[in-house]
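Per-entry structural report
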Amino acid sequence: MTMQNSLWRYARCRITALVVLGVAVCAGPPHAVAVDLTLDRPGDREFVRDRAGLISESDEAKIRGICDRLLSETATPIVVVTIDSMADHGGDGLRIETFATLLFDQWGIGVAEINGQDWNTGILLLVSRRDRKARIELGGGWGRREDQLCREIMDDQIIANFKRQRFSEGILAGVESLSNMARKEELPRAPRPAWFLPAVLLTIGLAIFTVVSLVRSGSGGLAWLFWGGVFTLIFLLLRNAGSSDGGSYSGGSFGGGSSGGGGASGSW
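The model shown is predicted, which means the values in this text are computed figures rather than measured ones.

Brief notes about the packing of helix H2 (residues 57-74) against helix H5 (residues 167-182)
Between H2 and H5, the shortest axis-to-axis distance is 10 Å and the interhelical angle comes to 10°. When the axes of H2 and H5 are compared, the pair comes out roughly parallel. Of the residues in H5, those in contact with Asp 59, Lys 62, Ile 63, Ile 66, Cys 67 and Leu 70 of H2 are Ser 168, Glu 169, Ile 171, Leu 172, Val 175, Glu 176, Ser 179 and Ala 182. Within the contact of H2 with H5, the residues separate by chemical class into eight nonpolar, two polar and four charged.

So this is what it looks like as structure tokens:
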């Protein structure tokens with residue numbers, strides 16, 4: 001009888017352990033618990049939620065203009081958020097990456113799809129003043145292709161200004177660069193004096209070539225053919241640029257987009 005009781009107790013302990021393990025697996029890890037951040041999103045075409053008061057009025061107007069044009073022309077919203085601290089909005093103890101992902105998904109930044117095509121190219125720029133941290137969070141449509149560009153923008157445009165207490169300038173520079181990234185354009189760079197001399201020499205050379213050609217051959221010289229080709233090329237480029245479908249998207253910044261985990265973080 002004693003042996004039977006021992007076996008029964010052993011079996012009961014094993015069953016209890018399995019039940020507890022099953023509950024733990026179903027519940028998932030502690031960080032998987034949903035967090036509802038207490039931060040109201042801006043309007044569909046407001047683009048900025050400056051809760052920390054880091055952006056000047058003039059820079060905010062510029063940011064709104066840049067973001068509005070980008071959204072209209074590419075259906076890619078940039079949403080800028082500044083806060084005093086993550087703890088103020090239900091994010092106590094969270095990493096900036098986790099907070100940004102949660103906020104991105106909670107607000108649904110970006111359009112999930114357009115005309116049946118996956119889109120999800122939203123961009124969140126988050127700055128937490130007292131935590132001294134910033135994050136660029138990208139929608140899932142970006143994949144991880146632009147992470148290195150985001151790292152350059154974060155380090156060279158945003159954090160470099162923040163370290164000099166130029167918060168408004170850094171945020172504006174970050175938005176300008178993110179807009180360039182979304183348009184597949186080159187990012188703004190610091191001036192490189194080494195480029196100046198070759199440009200001057202090229203200009204002088206073209207001027208000499210033009211004068212010599214006109215003196216020797218008049219209107220039948222190579223200069224007329226050369227410059228005619230240059231201006232024709234410029235005309236064609238401008239005409240093609242003007243025929244784009246810009247301004248065709250009239251929706252807002254929020255359409256069920258979700259974070260893809262790409263982007264970059266920084267601190268100062």
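Now that the structure has been shown, we can carry on.
Section: the packing of aromatic side chains
Counting across every chain of the model gives four aromatic pairs. Note on Phe 162 and Phe 167: the rings are 5.0 Å apart at their centroids and 45° apart in plane angle, and the pair reads as tilted. Across the pair, exposure class does not vary: Phe 162 and Phe 167 are buried alike. An aromatic cluster of at least three residues, connected via ring pairs, comprises Phe 162, Phe 167 and Trp 268.

With respect to the confidence of the model for the chain
The predicted model of the chain averages 82 in pLDDT, with 69% of residues at 70 or higher. For the stretch residues 16-33, pLDDT sits under 50, and the model shows zero contacts to residues farther than four places along the chain or on other chains.

Cut-offs and rules
- Residues numbered from 1 in each chain as written.
- Predicted model: local features only at pLDDT ≥ 70, side-chain atom pairs only at ≥ 80, totals over all residues.
- Heavy atoms only, no water.
- Axes fitted to C-alpha atoms, helices over the stretch in contact; angles between N-to-C directions.
- Helix = DSSP H or I, 4+ residues; strand = E, 2+ residues; numbered from the N terminus.
- Parallel < 35°, antiparallel > 145°, perpendicular 65-115°, else oblique.
- Contact = heavy atoms within 4.5 Å.
- Nonpolar A, V, L, I, M, F, W, Y, C, P; charged D, E, K, R; others polar.
- Phe/Tyr/Trp six-rings, centres within 6.5 Å; stacked < 30°, edge-to-face > 60°.
- Buried < 20%, exposed > 50% of the residue type's maximum accessible area, 1.4 Å probe, protein only.
- pLDDT = per-residue confidence, 0-100.

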